[in-house]
Every structure is written in structure tokens, then in C-alpha cells.
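# Examining the three-dimensional arrangement
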Amino acid sequence: MRIEIGQVEAIFRYPVKSMAGEQLAVANLGWHGLDGDRRLAFRRIADRGGFPWLTASKLPDLLRFAPHRPENGAQEDLPTHIRTPDGQEMPVFGDELATEVARRYGAPVQMMQLNHGIFDEASVSVIAVDTVHEIGRLAGRSLDVRRFRPNVVVRLQRSVPFQEDQWLGGVLSFGEGDNAPAITVTMRDVRCSMVNLDPDSASSAPEVLKAVVRSNQNTAGIYGAVTRIGRLAVGQTILLRAATNP
């Protein structure tokens, strides 16, 4: 049995990991998340660990770099240029961009492309507007949902912050019909210092992460694995088929 829990409020994609995202009216949900999401990332050349990618938690200024796709290009096309915080346009795979990011970071980096994406935990992240508002209330500031870098933002039918925790093990379907795109909710989204960073200025507000820790065991939103591909669109009804108890 499926129950309606809300609507798709917004859709976001992040072509380059930790750089500025783009807000979409529609997006294609494939087996590896949204088409074009996090397909590019800077690798820290000197890092030999299991997670060599440069993120805004290590270089907050990355949030101020904005990828651009070709005009009149297909939605899944990768960006060709990046606008730097200083307003310069640089080719994605050019030495000039790598040099600029390395200068700000303090160590050499290399742009990499991975066709299946570069994700922290899972390929789709979801958060409810109500959860963001509650964290903002506890932190004493108005929060932009982009701090949480979701793919799908939900407008809940029943306004209960952190309601996403109740979806674990269940299936979220986007739109009506048996062929609607869907994800299985696999885990809660454990947060890090990224949520402290303003998406436009990259300035830090440590009270945001403190509010998440204090209110919901350092989690906000959920991750999901794609179980049915298809078209996502703002305004779609979201249906939940709850996990079955053994």
C-alpha cells in the first residue's frame, strides 16, 4: 500500500562535486542518480586514501565556482566551462582551472570524470523543507535548502520535521502510476561541516551543524538507491510504500 506524503518542491543537480549546483524543473533519474549529477570532481593528486576527492569541507571556496553547460545543449551534457569566484570563465579540463583551484587549496589537483558519478554514500539524496526550517529555527537563522545539497526537496503533506527517518527501508515513488521513477530509502544522511557553509558566500555558521547534532543525532534527510528510472518533475506527487516488518 502506498500513501501520499507530499510533492516535489525542487530538484537540484551538481555537475562538479562540491561546486555550485543547478536547479531544474525536470530531470531524468537513471540507475546512477540524476543524469549529469556529480560526474566530475577534482582529485587531490597527493592523496593516497580511499576518498581522494576535493570537497568544500576542505576548500569552502569550491561552492563559489559555477559550472556551465553548452547553450542549447542536452540536459545530460557535462559542463564545458567553470566561472570562478572572480568571474573568469575557464574550460573544465584546462590547466588554468586546475592551477586556480590548486592555488586556493594549497596542493595540486586534477579534474576527473566518472561516468557513474562520485557520491559520498548513495546516488540520490532527499530532504524535506520542514526539516530545513526546523534546523534553521534551532540554529537561530533562516537557512537556504542548498546548504544540504539535496537532489530532491520535498514539500510534506503533514509537516513533521525529520519525518524522512520514518521512510527507511521503504520505497519513494515520484508521480502516479506503476512505472513512476522510484528509490529505495537506504540510510539516513549523516551530516558534516558542509551544512555550515553558505552556498553563495561560503562563509561558515557552525551553529547549523550543532543544531543537526542536537536535534536529530547528526542526521537530516535520507539517501536512496534507484529502483525504477524515469522522469522527475517539480510538482509531482510523492508516494511512500513503507518497509514491511519481518
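Cut-offs applied
- Residues numbered from 1 in each chain as written.
- Predicted model: local features only at pLDDT ≥ 70, side-chain atom pairs only at ≥ 80, totals over all residues.
- Heavy atoms only, no water.
- Pairing = 2+ DSSP bridges.
- Helix = DSSP H or I, 4+ residues; strand = E, 2+ residues; numbered from the N terminus.
- Axes fitted to C-alpha atoms, helices over the stretch in contact; angles between N-to-C directions.
- Buried < 20%, exposed > 50% of the residue type's maximum accessible area, 1.4 Å probe, protein only.
- Contact = heavy atoms within 4.5 Å.
- Arc of directions from axis to C-beta.
- Polar contact = N/O pair within 3.5 Å; in protein donor to acceptor, adjacent residues only side chain to side chain.
- Core = buried A, V, L, I, M, F, W, Y, C linked by side-chain atoms within 4.5 Å.
- Salt bridge = Lys/Arg side-chain N within 4 Å of Asp/Glu carboxyl O.

## Things to note about the sheet that holds strand β7 (residues 81–83)
- Strand order in the open sheet formed by 3 strands is β6-β7-β8, and the pairing between neighbours is antiparallel. Looking along the sheet, the strands with just one partner apiece sit at the ends: β6 (66–68) and β8 (89–91). Mean inter-strand twist for the sheet, computed between neighbouring axes without regard to direction, equals 30 degrees.

## Some remarks on the environment of Pro67
- By the element assignment, Pro67 lies in strand β6.
- Assessed through its relative accessible area of 14%, Pro67 is described here as buried.
- Beyond its immediate sequence surroundings of up to four residues, Pro67 is in contact with Pro15, Val16, Met19, Ala20, Pro79, His81 and Ile82.

## Observations concerning helix α3 (residues 207–216)
- Among the residues making up α3, those that are buried are Val208, Leu209, Ala211, Val212 and Asn216. Considered in projection along α3, the buried side chains sweep an arc of 155 degrees and stay on one side of the axis. Counted as exposed and oriented over 90 degrees from the buried face of α3: Lys210 and Arg214.

## Side note on unusual backbone geometry
- Positive phi, normally seen in glycine, also occurs at Arg38, with a value near 55 degrees.
- On the secondary structure map, Arg38 appears in the loop between β4 (33–34) and β5 (40–44).
- If you check the backbone angles, Ala202 has positive phi at about 70 degrees while not being a glycine.
- Position of Ala202 among the secondary structure elements: in the loop between β13 (182–190) and α3.
- Residue class for Ala202 comes out buried when judged on its relative accessible area of 11%.

## Examining the sheet that holds strand β3 (residues 26–30)
- The strand order β4-β3-β15 describes an open sheet built from 3 strands, whose pairing is antiparallel. Both outer strands of the open sheet, β4 and β15 (230–233), are each paired with one neighbouring strand and no more.
- Across 4 bridges, β3 lies against β15 in antiparallel orientation. Opposite Ala27, over in β15, you have Leu232 as the bridge partner.

## Structural notes on the side chain of Ser173
- Topologically, Ser173 is positioned in strand β12 (residues 171–174).
- Among the polar contacts listed, one links the side chain of Ser173 to the side chain of Arg2, at a separation of 3.4 Å.
- When near neighbours in sequence (up to four residues on either side) are disregarded, Ser173 contacts Arg2, Pro181, Ala182, Arg228, Thr237, Ile238 and Leu239.

## Quick look at the nonpolar core
- Core analysis: the largest hydrophobic core is formed by 23 residues, its most contacted members being Val126, Val154, Trp167, Leu172, Phe174 and Ile183.
- When contributions to this core are tallied by element, the ones reaching two or more residues are β1 (2–13), β3, β10 (124–128), β11 (152–156), β12, β13, β14 (219–228) and β16 (237–241).
- Each residue touching Val154, except ones within four places of it in the same chain, is listed here: Gln7, Glu9, Val126, Ile127, Ala128, Val129, Asp130, Trp167 and Ile238.
- Core analysis: the next-biggest nonpolar cluster, separate from the first, contains 20 residues, Phe12, Val145, Phe148 and Ala220 among them.

## Examining the pattern of salt bridges
- This model, assessed by the stated rule, comprises 17 salt bridges.
- Glu207 is the partner of Arg141 in a salt bridge, and the nearest nitrogen-oxygen pair spans 2.9 Å. Taken together, the positions of Arg141 in the loop between α2 (129–139) and β11 and Glu207 in helix α3 put the pair 66 residues apart, joining distant regions of the chain.
- With its nearest N and O atoms 3.1 Å apart, the salt bridge here joins Asp189 to Arg191. Per residue, the accessibility class of Asp189 equals that of Arg191, and both read buried.
- Sharing partners across several salt bridges, the network here consists of Asp61, Arg64, Asp86, Glu100, Arg103 and Arg104.

## Describing the pairing of β5
- Within β5, 4 of the 5 residues are buried, which leaves the element mostly enclosed by the surrounding structure.
- Judged from the 5 bridges that link them, β5 and strand β9 (residues 109–113) form a sheet pairing that is antiparallel. Considered in β9, the bridge of Arg43 is made with Gln110.

Geometry only, nothing functional implied.
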